[in-house]
Amino acid sequence: MGEKRRGTRPVGRRAVLIGGGAAVVGGAVLARDELRRAWYRVPGVEKDRVEGELDHAGAEWTAASRANWRYADRPDDFTIDRVVIHVVQGDYPTALKVFKDPGHGAATHYVVRKDGHVAQMIRELDVAFHAGDRGMNERSVGIEHEGFVDRPQDFTDAMYASSARLTAGICARYGIPVDREHVIGHVEVEGTDHTDPGPHWDWDRYMKLVRDAAAGGPRTSAS
């Protein structure tokens, strides 16, 4: 037992009631705020979605299987502060095919073709299963690229330029710094066993293109 302090006044019942009331009100506000962010997780409830709505101007919408991503309300429920660069180890049609397969268990938000064409498969506000780490999935946007990690010729000028514009737009939308701490390769995700985008991905070139695209001004959502 500690020594009784002199000169202290007992806490009155009114103060307890007021303090308790403030706690209840504060708790109610927090609960309401949490409910506002999470209402769509209630069984049978889904947020309204517009079929084919895009986040990147010029992309083509082609939906990934619902089994390969989950509903969210980013950045309200999860902060987006990373872009993860992938290489598919295959061609563009293969990437779309596997991401549409509910048994695959993974998909990225975007796929970039060698000629620079971009497919959007998952909305940025939703969580794609792409990084092999739940926390990174929740905080990042994933971009897949057609090609193989051991074939530098697969990384064309058109692919680099198109992907850089896409990444610059994502960074602008969410205030992500354009640097290598925030734009990373799949291989850099902690705990991953993947090696992409591999040794032939030219990071210096790519980041310069991203910075140049970002300097052109923020790119807004196409929706």
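Residues numbered from 1 in each chain as written. Predicted model: local features only at pLDDT ≥ 70, side-chain atom pairs only at ≥ 80, totals over all residues. Heavy atoms only, no water.

Asker: I'm lost on the environment of Tyr92 in this one. Help?
Answerer: Turning to its location among the elements, Tyr92 is positioned in helix H2 (residues 92-99). As a C-alpha pair, Tyr92 and Arg113 span 21 residues in sequence and 5.8 Å in three-dimensional space. Not counting chain neighbours up to four residues away, the residues in contact with Tyr92 comprise Glu60, Val111, Val112, Arg113, His117, Ala119 and Glu146. (Helix = DSSP H or I, 4+ residues; strand = E, 2+ residues; numbered from the N terminus. Contact = heavy atoms within 4.5 Å.)

Asker: Can you help me understand the pairing of strand S7 (residues 140-145) in this one?
Answerer: Residues in a regular strand project their side chains so that they alternate between the two faces of the sheet. Among the six residues that make up S7, six are buried, leaving the element largely enclosed by the rest of the structure. Taking every second residue as pointing to the same face, both faces of S7 are buried, with Ser140, Gly142 and Glu144 on one and Val141, Ile143 and His145 on the other. The sheet contact formed by strand S3 (residues 82-85) and S7 spans four bridges and is parallel. From the neighbouring strand, Val84 faces S7, where its bridge partner is Gly142. Here three bridges tie strand S4 (residues 110-112) to S7, and the two strands are oriented parallel to one another. Looking across to S7, one finds that Val111 is bridged to Glu144. (Buried < 20%, exposed > 50% of the residue type's maximum accessible area, 1.4 Å probe, protein only. Pairing = 2+ DSSP bridges.)

Asker: Could you clarify how one ought to interpret unusual backbone geometry in this entry?
Answerer: Generally, phi is negative for residues other than glycine and the peptide bonds are trans, each holding for most cases. Cis peptide bonds are those with omega within 30 degrees of zero, and the linkage from Arg74 to Pro75 qualifies with 5°. If you check the backbone angles, Gln89 has positive phi at about 60° while not being a glycine. When you line up the elements, Gln89 lands in the loop between S3 and H2. Taking relative accessible area as the criterion, Gln89 reaches 42% and is therefore assigned partly exposed.

Asker: What is the right way to read the packing of aromatic side chains from this model?
Answerer: For any pair of aromatic rings, the description rests on two quantities: the centre-to-centre distance and the angle between the ring planes. Scanning all chains against the criterion turns up eight aromatic pairs. On the numbers, 6.4 Å between centres and 50° between planes, the contact of Tyr160 with Tyr206 is tilted. With Tyr160 in helix H4 (residues 157-174) and Tyr206 in helix H5 (residues 203-215), this pair connects stretches of sequence that are 46 residues apart. According to the relative accessible area criterion, Tyr160 is buried, its value standing at 2%. Here Tyr206 falls in the buried class, since its relative accessible area comes to 0%. Members of the aromatic cluster, joined through ring pairs, are Phe155, Tyr160, Trp201, Trp203 and Tyr206. Taking NZ or CZ as reference, Arg66 lies 4.5 Å from the ring centre of Trp69, over its face. (Phe/Tyr/Trp six-rings, centres within 6.5 Å; stacked < 30°, edge-to-face > 60°. Lys NZ or Arg CZ within 6 Å of the ring centre and 35° of its normal.)

Asker: What exactly am I supposed to notice about the nonpolar core here?
Answerer: General note: in soluble globular proteins, nonpolar side chains tend to be found buried as a group. Ranked by size, the top nonpolar core spans 28 residues in total, and within it Ile85, Ile143, Ile170 and Tyr206 carry the most contacts. At the level of elements, S3, S4, S7, H4 and H5 are the ones that each hand at least two residues to this core. Of all the elements, H4 adds the most residues to this core, at seven residues. Dropping the residues within four chain positions of it, Ile85 is found in contact with Ile143, His145, Thr167, Val183, Ile184, Gly185, His186, Asp196, Pro197, Trp201, Trp203 and Tyr206. If you look at the next biggest cluster of nonpolar residues, it comprises 14 residues, including Trp69, Tyr71, Val111 and Ala119. (Core = buried A, V, L, I, M, F, W, Y, C linked by side-chain atoms within 4.5 Å.)

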